[in-house]
Each structure stands twice: as C-alpha cells, then as structure tokens.
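# Working through the structure, step by step
Next come the chains, spelled out residue by residue.
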There are 2 protein chains.
Amino acid sequence: MKAKVYVTLKPSVLDPQGKAIHHSVELLGFGQVTDIRQGKYFEIALDAELSEADARKSAEKIAKDVLANPVIEDYKVEMVK
Amino acid sequence: MKAKVYVTLKPSVLDPQGKAIHHSVELLGFGQVTDIRQGKYFEIALDAELSEADARKSAEKIAKDVLANPVIEDYKVEMVK
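Report follows, based on the coordinates. (Residues numbered from 1 in each chain as written. Chains lettered and ligands numbered in written order. Predicted model: local features only at pLDDT ≥ 70, side-chain atom pairs only at ≥ 80, totals over all residues. Heavy atoms only, no water.)

## Section: the relation of the copies chain A and chain B
Worth spelling out the cut-off: The atoms used to superpose the copies are C-alpha atoms, taken from residues with pLDDT of at least 70 in both, and the fit is least squares. Whether two residues are in contact is decided by their heavy atoms: any pair within 4.5 Å suffices.
Placing chain A over chain B gives an RMSD of 0.0 Å and needs a rotation angle of 180 degrees, together with 0.0 Å of translation along the axis. Taken together, the rotation angle and the small translation identify this as a two-fold axis. Of every C-alpha in chain A, the one belonging to K40 of chain A sits nearest the axis of rotation, 2.4 Å from it. Looking at the interface residues of chain A, 97% of them are also at the interface in chain B, so both copies use one shared face.

What follows is the structure, encoded as structure tokens:
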C-alpha cells in the first residue's frame, strides 16, 4: 500500500522560494502566472500486510511528526492501492 | 485557475534524500515503512481569464521547462477550478 503526502506552507506564511520561481517564470515570458507556491511531496510505501486503516494511521503520524512542521505547514495524506 | 504540478524522480534514479528520510523514520520506530521517495509540489495560480486549455498548456510548459529536469524527473500537471 502506498501513501502520498503533500506538505504545503500555510496560506498566511510567506513563501520566498515560490516568489523567486514566480519571478523567474515571469522573466522567461509567462505573463499569465499570478502566483506560484512551492511545497513538498512524498511517496511512502507501506507493508502490504497492513490494513488500509492502519496504513493510513501510520502515514498520518509520519506526515505529522516527521515530514511537516505543523506550526507553519499543512499536510494532506492520500492512500493509493 | 490553479494548476498543481507534481515532480518526482524517475523510478530508475536513486533518491538519497528519500533514503535518509526512510532511515530516520525507521529509527523513530515506524517499522512498517518499506520505502520513501521525495518529490516536489507546486501550486501555480494562473490568470482567471485564460481558457482551461490555454491554462493547461502554460502550466505544462512551465512544468517541463522550469520546474522539472526531464532527464531525471517525471512531472504531472493537474488543473483545479
């Protein structure tokens, strides 16, 4: 079983990396872009013998404790068969 | 209109950062994890007056030319209303 974890900065947190990418993209001639924000993406492969509920619980715990900083970041976990 | 871009290393490319995260996660007691791979995630906000087809074209071009290195990375673009 696989879990996909998306980690993004909270909307109220400044994203200088995203701003830099936005600026570069504008210089390259993409004028239609109004904003870019960068996040992180993880694919976690879990033991195939785990039930979906247990796998989701593990993935949520890993996302919360290790992959994201809950003070400034939001995360989303998606399970894939 | 918003585009979500996921950039991942191709499966044949080694992911030392993912391996390091996997190792840390194991040390923290998550034994059910068999692999972790790290990727990048971007949210691109595009001019609301663009048609969906044009917005997708721009987002695909930005993903291919700027956000991903097609030699070692795959990318996926998803449009959101």
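## Re the environment of K81 of chain A
Residue and element names in this part refer to chain A. Applicable threshold: Segments assigned H or I by DSSP are reported as helices when at least four residues long, segments assigned E as strands when at least two residues long, and all are numbered from the N terminus. The definition of a polar contact used here is a pair of N or O atoms within 3.5 Å, where within protein one atom must be able to donate a hydrogen and the other to accept one, and adjacent residues in sequence count solely through side-chain atom pairs.
In this fold, K81 is placed in the segment after strand 3 (73-80). As for K81 and K40, which are separated by 41 residues in sequence, their C-alpha atoms are 21 Å apart. Other than its neighbours up to four places away in sequence, K81 contacts M1 and E52. Side chain to side chain, K81 and E52 meet in a polar contact 3.4 Å long.

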